[in-house]
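Chain residues, written in single-letter form:
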Amino acid sequence: MEDYLQACRAAVQESRRLHVVLGNEACDLDSMVSALALAFYLAKTTEVEDVFVPVLNIKRSELPLRGDSVFFLQKMHIPESLLIFRDEIDLHALRQAGYLTLTLVDHHVLPPSDAALEGAVAQVLDHRPIEQKRCPPCHVSVELVGSCTTLVTERILQGAPEILDWQTAALLHGTIILDCVNMDPNIGKATPKDKKYVEQLEALFPDLPERKDIFDSLQKAKFDVSGLTTEQMLRKDQKTITRQGLKVAISAIYVDLEAFLQRSGLIADLRAYCQAHSYDALVAMTIVFNPHNEPVRQLAIFCPHAALRMTICGVLEHSQSPSLKLTPVPSSHPNLQAYLQGNTQVSRKKFLPLLQEALSAYFDSMTVPSGQPETGGVSREQVDKELDRAGTPLIPGLSQEEEDPPLPPTPMNSLVDECPLDQGLPKLSAEAIFEKCSQLSLSQSTSASLSKK
C-alpha cells in the first residue's frame, strides 16, 4: 500500500489524467478506508492510462479530529504524509482541463459546491439509501449494509483476491468491525453480508487482530480528545442551528465538565471560536461514561450577549418536556453558565428543539410591539413538527430516526448533505433589531395620537 500511495502522490504533481476515488465529506474511517482500498483495487485490475488516486475529502488540517483514523493509520504503518487530501488537489481545474474521472465511494450525491464535477462521475459505490432525483447519471451500485467497506471487500475478493495482503485486509477488517459495532446482534447494524466478509477475511488471514481488541482500541481512539486544542474539540462533533440570522453551535465534548472548564485560556478560545464562525452562542454538551457505560451529561453555555444568554438559560432551566433537571455550577466568568444535567436521558437530539424554542422566545421578546400581549413563542409541539417535516430539516444532518447510540455518534456526519439553512438567513445585528422595534413603537404611538385627534 505504501508504494502505491507514493506513486499516487507523484502522479498528482504531473499534468496527466487522473481517476480520483473520492470519499464523502465526513471522511470517517469507513469513507477513508473505502477510498484507499477501492482505488488500490482499481489500480491493480484496470487496464487504462488513467492513474487511480484516492482522495480524502477533507483538509489535511482536519485529520487530527478523526482520532480513530489517525490511530489506525499508525497501527497499519501507513504514513499520513502519503495521503492526498482535498485541499492538495484541484479537482475543478482537472475537470476543466478534461483530465478528471471520478468514482464516488460511501456517498452518491455531490454537494452544491462540487456540482460542476457531476459530469466527471463514472461510477458510484455506496451503502446508504439512494436519492433518485439527485443521483449522478452513471453506473450506481448501492446496497444497504452496515459498512461501505464491506462492499469494497466484496469487490476485491470476487474480482482479484490475489492482490489482498495482510495490511489491506487488516484495514478492511477493522473498519467493518468498528462500523458494525463489533458485529453485536443487539445493536443490529451488521447485516449478513457484513458478517460474511469479516469471516472471509479472518479465514484468509488467521492472524488478524481479535475483533474485541480492535474494536475497543478504535472506539477508544475515536473519542480521545487529549491531544486536541479547544477549537478542535469544539469542531470534532458539532451541529449548528440558525434562526432569523442568529447562529448557535452545539458541540459534544468528550471530557468531564470540570476538566473542560479548567482548560487554560478557555474563555479566550470560546470567544475567538464564536467570532471566527459568526456564532452568537455556543453550547458545549460534555459527555463521559460511568463504569456501567451510562452517559453523564453536563452543559456549558457561552454567550457574550446577556439577553440571549439569559433567554437560553431560562428556557433550559424551566423546561418540563423534557425536564433537564439542571443544577447550576458556579462560574467566574459572566459570559458562561454551566450546569450539571440530572436527566441524562436527554440526548442532543432531544436538546436541540429546546434551543430552537429559546431562539423563538428571544425574538418574541424583542419584536412584540409596546402594549401588545406576548404570544408566548413557539410551542414544543410546533418545534417538533418543524423538525420532523420531511425534506426540510431545520438542523443540518439531523434525521428523524437519529437517537444517541450507547456510545457517542460518529463525528461530522452532518457535513455530508447540504441544508437550506446552511448559509443562514441575512445577518441581523442587535442594533438593527432594536432600531426596527423602535420604529414599530413610534409608528403605533403616532397612529394612536392621530386616531384620538
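The coordinates are above.
Each value, and the rule that gives it
The residue numbering used here restarts from 1 in each chain and proceeds along that chain's sequence as written. Side-chain atom pairs in this predicted model are given and counted only at pLDDT of 80 or more, local residue features only at pLDDT of at least 70, and totals for whole chains, interfaces and linings cover all residues. To obtain the side-chain values, all non-hydrogen atoms of the structure were used and water was disregarded. Helix and strand definitions follow DSSP, with helices as H or I runs of at least four residues and strands as E runs of at least two, each counted in order from the N terminus. The cut-offs for exposure are 20% and 50% of the maximum accessible area for each residue type, with area from a 1.4 Å probe on protein chains only; residues under the lower value are buried, those over the upper are exposed, and the others partly exposed. Residues count as neighbours in contact if any of their non-hydrogen atoms are within 4.5 Å of one another. We treat two strands as partners when DSSP finds at least two bridges between them. Between N-to-C directions, angles span 0 to 180 degrees; the directions come from axes that are lines fitted to C-alpha atoms, helices contributing only their stretch in contact. Salt bridges are counted wherever a side-chain nitrogen of Lys or Arg sits within 4 Å of a carboxyl oxygen of Asp or Glu. Each aromatic pair joins two rings of Phe, Tyr and Trp (for Trp, the six-membered one) with centres within 6.5 Å, and gets the label stacked for planes under 30 degrees apart, edge-to-face for over 60, and tilted for any other angle. Here is the rule for angles: anything less than 35 degrees is roughly parallel, anything more than 145 is roughly antiparallel, 65 through 115 is roughly perpendicular, and the remaining ranges are oblique. Crossing handedness: left-handed means the near helix sits turned counterclockwise from the far one by under a right angle, and right-handed means the same turn made clockwise. Residue polarity follows a fixed list, in which Ala, Val, Leu, Ile, Met, Phe, Trp, Tyr, Cys and Pro are nonpolar, Asp, Glu, Lys and Arg are charged, and the others, Gly among them, are polar. What makes a nonpolar core is a set of buried Ala, Val, Leu, Ile, Met, Phe, Trp, Tyr and Cys residues whose side-chain atoms join them at distances within 4.5 Å. The arc in question is traced by the directions running from the helix axis to the C-beta atoms. Handedness rule for crossovers: strands pointing away from the viewer, path from the first strand over the helix to the second running clockwise, crossover right-handed.

Student: What is the right way to look at the overall build of the protein in this model?
Tutor: Each helix and strand counted, the protein has 15 helices and 11 strands in total. Going through the 453 residues of the protein one by one, you find that 50% of them count as buried. Counted over contacts in the protein with a minimum sequence separation of 6, partners at least 24 positions apart contribute 69%.

Student: Help me understand the sheet that holds strand β6 (residues 238–243) in this model?
Tutor: Sheets are built from strands that pair by backbone hydrogen bonding, the pairs being arranged parallel or antiparallel. An order of β6-β7-β8-β9-β11-β10 is seen for the six strands of this open sheet, with the pairing classed as mixed. The two strands at the open ends of the sheet, each matched to only one other strand, are β6 and β10 (326–329). With direction set aside, neighbouring strand axes in the sheet form an average angle of 20 degrees. Sheet topology places β6 next to strand β7 (residues 246–253); six bridges connect them, and they run antiparallel. If you follow R243 over to β7, its bridge partner there is L246. Sheet strands in contact with helix α11 (residues 266–277) are β6, β7, β8 (281–289), β9 (295–302) and β11 (336–341), and its direction is about 70 degrees off that of β9. Against the sheet, helix α12 (residues 306–318) contacts β7, β8, β9, β10 and β11, and its axis sits at roughly 10 degrees relative to β11.

Student: Explanation requested: the environment of A306 in the structure shown.
Tutor: In this structure, A306 sits in helix α12. Sequence separation between A306 and L336 is 30 residues, and the spatial gap between their C-alpha atoms is 10.0 Å.

Student: So what exactly am I meant to see when it comes to the sheet that holds strand β4 (residues 121–126) here?
Tutor: Pairing in this open sheet of five strands is parallel, and the strands run β2-β1-β3-β4-β5 from one edge to the other. At either end of the open sheet lies a strand with only one pairing partner, and these are β2 (51–55) and β5 (139–142). In this sheet, neighbouring strand axes are inclined to one another by 15 degrees on average, regardless of whether the strands run parallel or antiparallel. Pairing analysis gives four bridges linking β4 to β5, with the strands arranged parallel. Counterpart to Q123 in the pairing with β5 is H139.

Student: Help me out: how do you make sense of the pattern of salt bridges in this one?
Tutor: Note that side chains of opposite charge can pair when their charged atoms are close. Inspection of every chain in the model, using the stated rule, returns 13 salt bridges. Residue E88 is joined to R60 by a salt bridge in which the shortest nitrogen-to-oxygen separation is 2.5 Å. One end of the pair, E88, is in the loop between α3 (67–75) and α4 (91–96); the other, R60, is in the loop between β2 and α3, and 28 residues separate them in sequence. When its relative accessible area of 26% is taken as the criterion, R60 is described as partly exposed.

Student: Hey, could you run me through unusual backbone geometry in this one?
Tutor: Working note: non-glycine residues mostly have negative phi, and peptide bonds are mostly trans. Omega for the bond connecting S321 with P322 falls within 30 degrees of zero, at 5 degrees, which places this linkage in the cis form. Tracing the chain through its elements places P322 in the loop between α12 and β10. Unlike most non-glycine residues, D106 shows phi in positive territory, near 70 degrees. Locating D106 in the fold gives a position in the loop between β3 (100–105) and β4. One non-glycine residue, N182, adopts positive backbone phi at about 60 degrees. Within the element layout of this structure, N182 appears in the loop between α6 (166–179) and α7 (192–204).

Student: Help me out: how do you make sense of the packing of aromatic side chains in this one?
Tutor: Centre distance and the angle of the planes are the two values used to describe a pair of aromatic rings. Throughout the structure, instances matching the rule amount to four aromatic pairs. Look at Y4 and F40: their rings are 5.5 Å apart centre to centre, the planes differ by 70 degrees, and that puts the pair in the edge-to-face class. Of the two residues, Y4 is situated in helix α1 (residues 2–12) and F40 in helix α2 (residues 29–45); the sequence distance between them amounts to 36 residues. Taking relative accessible area as the criterion, Y4 reaches 12% and is therefore assigned buried.

Student: Explain the packing of helix α5 (residues 148–159) against α7 to me, please; I cannot follow it from the model alone.
Tutor: When two helices pack together, their arrangement is given by the angle between their axes and by how far apart the axes lie. Taken N-terminus to C-terminus, the directions of α5 and α7 make an angle of 50 degrees; their axes are 10 Å apart at the nearest point. In terms of their interaxial angle, α5 and α7 are classed as oblique. The chirality of how α5 crosses α7 is left-handed. Across the interface between the two elements, T150, L151, T153, E154, L157 and Q158 from α5 touch K193, D194, Y197, Q200, L201 and L204 from α7. Here the contact of α5 with α7 is built from residues that sort into five nonpolar, four polar and three charged.

Student: Whenever I open this one, the nonpolar core confuses me. Can you help?
Tutor: Within soluble globular proteins, side chains that are nonpolar tend to cluster in buried spots. In terms of nonpolar packing, the biggest core is built from 78 residues, with L18, V20 and I89 touching the most fellow members. Of all the elements, α2 adds the most residues to this core, at 11 residues. With residues near it in sequence (within four places) discarded, L18 still touches A11, V12, V51, V53, I89, L94, Y99, L100 and T101.

Student: I would appreciate a short explanation of α1 in the present structure.
Tutor: It helps to recall that an α-helix has 3.6 residues per turn; residues three or four apart then point in one direction. Taken as a whole, α1 has its buried residues at Y4, L5, C8, A11 and V12. Viewed along the axis of α1, the buried residues span an arc of 115 degrees, placing them on a single side of the element.

Student: Is there a simple way to explain the pairing of strand β1 (residues 18–22) in this structure?
Tutor: For a regular strand, side chains alternate in direction, first toward one face of the sheet and then toward the other. The buried fraction of β1 amounts to five of the five residues, a majority that puts the element mostly inside the structure. With α2 bridging β1 and its parallel neighbour β2, the resulting β-α-β unit is right-handed. Across five bridges, β1 lies against β3 in parallel orientation. Bridging across to β3, H19 finds its partner in T101.

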